[in-house]
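Coordinates in review
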Amino acid sequence: MLNQFLLFLHISSVIIWVGGMFFAYFCLRPAAVQVLEPPQRLPLWAATFRSFFPIAAVAVVILLISGFALFLQVGFKFAPLGWHLMMTLGLLMAGIFGHVYAVLYPRLSKHCAAAAWPAAAATLNSIRKMVGINLLLALCTVASVLLIR
């Protein structure tokens, strides 16, 4: 029963975090570019991140804890290679998220508050690149755990 609960937490956290990144990257971003000018678009992103990042941070923590708990049940030595790759990629993704949340997002908020639109746009572009990398890593993570045994 504990194993199923940990797996539920793990998969739910992935859905929240990666699903949120996918929505932002492929749905919100193109729509915001299409209908809003930078002075409206950039504060929208700052406000969206203000809501999303704390939720994503909780999801990332739950994801890491549940992943390590599931891993420890099997043992590092006996876990399939795909699990080791999943853990490595997941830790890399968490590190990228930490950088975006702790460094880039505050910078974006500061630039938006100062109406420094070129600097805000450059910071948002850095966030976009990091999210794109994390989405690619998420795809690799899922492939590694499902295809490499």
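In the block above lies the structure referred to throughout.
First things first, this report covers the structure right here in the doc. (Residues numbered from 1 in each chain as written. Predicted model: local features only at pLDDT ≥ 70, side-chain atom pairs only at ≥ 80, totals over all residues. Heavy atoms only, no water.)

**Comments concerning the layout of surface pockets**
Put simply, the rule is: Put plainly, a pocket is an open set of points on a 1 Å grid over the protein atoms alone with protein on both sides within 12 Å along at least five of seven lines, a cavity is a set where a 1.4 Å probe fits but cannot get out, and a lining residue has an atom within 4 Å of a point. Grid points are joined across faces, edges and corners, and a volume is the space filled by probe spheres set on the points. The secondary structure listing takes helices from DSSP runs of H or I that are at least 4 residues long and strands from runs of E that are at least 2 residues long, numbered from the N terminus. Polar here means any residue other than Ala, Val, Leu, Ile, Met, Phe, Trp, Tyr, Cys and Pro, which are nonpolar, and Asp, Glu, Lys and Arg, which are charged; Gly is therefore polar.
The computed volume of the largest pocket comes to approximately 780 Å³. Residue lining of the largest pocket: 31 residues in total, with H10, V14, L63, M86 and T141 positioned closest to the centre. The element that contributes the greatest number of residues to the lining of the largest pocket is helix 2 (residues 38-74), accounting for 9 residues. Residue composition of the lining of the largest pocket, by class: 24 nonpolar, 6 polar and 1 charged. By volume, the second largest pocket amounts to about 440 Å³. For the second largest pocket, the lining is made up of 28 residues, of which R29, W45, F49, L124 and R128 are closest to its centre. Contributions of two or more residues to the lining of the second largest pocket are made by helix 1 (2-35), helix 2, helix 3 (81-113) and helix 4 (117-147).

**Some details on the nonpolar core**
As a reminder of what qualifies: Note on terminology: a nonpolar core comprises buried Ala, Val, Leu, Ile, Met, Phe, Trp, Tyr and Cys residues joined through side-chain atoms within 4.5 Å. The buried label applies to any residue whose accessible area, calculated with a 1.4 Å probe on protein chains only, is under 20% of its type's maximum; exposed applies above 50%, and partly exposed to all values in between. When checking whether two residues touch, look at their non-hydrogen atoms; a contact exists if any pair is within 4.5 Å.
If you look at the biggest cluster of nonpolar residues, it comprises 35 residues, and the most contacted ones within it are W17, W45, F49 and L108. Residue assignment for this core shows that the elements contributing at least two residues are helix 1, helix 2, helix 3 and helix 4. Per element, the largest residue contribution to this core is 11 residues, and it comes from helix 2. Beyond its immediate sequence surroundings of up to four residues, L108 is in contact with W45, A46, F49, A120, T123, L124 and I127.

**Here we look at the environment of V58**
Checked against the element boundaries, V58 lands in helix 2. On the accessibility criterion, V58 (49% relative accessible area) is partly exposed. Placed 44 residues apart in sequence, V58 and V14 show a C-alpha to C-alpha distance of 11 Å.

**Observations concerning a nonpolar patch on the surface**
Heads up, the rule is: Candidate patch residues must exceed 30% relative accessible area and have no salt bridge, after which like charges are joined if within 9 Å and Val, Leu, Ile, Met, Phe, Trp or Tyr side chains if within 5 Å. Surface accessibility in these figures is a Shrake-Rupley result with a 1.4 Å probe; residues are shielded only by whichever protein chains are displayed. Criterion for a salt bridge: a side-chain nitrogen of Lys or Arg within 4 Å of a carboxyl oxygen of Asp or Glu.
Together, L81, L85, V142, L146, L147 and I148 make up a nonpolar patch on the protein surface, roughly 550 Å² of accessible area in all. Secondary-structure elements contributing two or more residues to the nonpolar patch are helix 3 and helix 4. Relative to the assigned elements, L146 resides in helix 4. Its relative accessible area of 54% is what places L146 among the exposed residues.

**Digging into helix 2**
Keep this limit in mind: Take the number of residues in a helix, subtract one, and multiply by 1.5 Å to get its expected span. The reported bend at a residue is simply the angle between two axes, fitted to the 7 residues ending at it and to the 7 residues beginning with it.
With 37 residues, helix 2 should cover 54 Å at 1.5 Å per step; its first-to-last C-alpha distance of 50 Å lies within 8% of that length. Remark: the principal bend of helix 2, roughly 30°, maps to F52, with a proline, P54, within the next four residues. The positive-phi residue at the C-terminal boundary of helix 2 is G75, with phi of around 100°.

**As for the side chain of S66**
Quick note on the threshold: Counting of polar contacts relies on pairs of N or O atoms within 3.5 Å, with two restrictions inside protein: one atom must be capable of donating a hydrogen and the other of accepting it, and residues adjacent in sequence are counted only when both atoms are side-chain atoms.
In this fold, S66 is placed in helix 2. Reaching out from S66, the side chain makes a polar contact with the backbone oxygen of I62 at a distance of 2.8 Å. A polar side-chain atom of S66 sits 3.1 Å from the main-chain carbonyl oxygen of L63. With residues up to four places along the chain from it excluded, the contact list for S66 reads L6, L9 and H10.

**With respect to helix 3**
Taking 1.5 Å of rise per residue, 33 residues should cover 48 Å, and helix 3 covers 47 Å from first to last C-alpha, within 8% of that figure. Maximum bend of helix 3: about 35°, positioned at L104, with proline P106 one to four residues after it. A positive backbone phi angle near 55° is found at A115, which sits one or two residues after helix 3.

**Quick look at the packing of helix 3 against helix 4**
The test is simple: Axes, fitted as lines to C-alpha atoms, cover a helix only where it is in contact. Angles between the N-to-C directions of the axes lie from 0 to 180 degrees. Geometric relationships in this document are graded by angle, where less than 35 degrees denotes roughly parallel, more than 145 denotes roughly antiparallel, 65 to 115 denotes roughly perpendicular, and other angles denote oblique. By convention the crossing between two helices is left-handed if the near helix lies anticlockwise of the far one by an angle smaller than a right angle, and right-handed if it lies clockwise.
For the pair helix 3 and helix 4, interaxial distance at closest approach is 9 Å and the crossing angle is 165°. Here helix 3 is positioned roughly antiparallel relative to helix 4, judged by the angle of their axes. Considering the relative orientation of helix 3 and helix 4, their crossing is left-handed. Residues that form the contact of helix 3 with helix 4 fall into these classes: 24 nonpolar, 8 polar and 1 charged.

The values reported here are purely geometric and, on their own, carry no functional implication.
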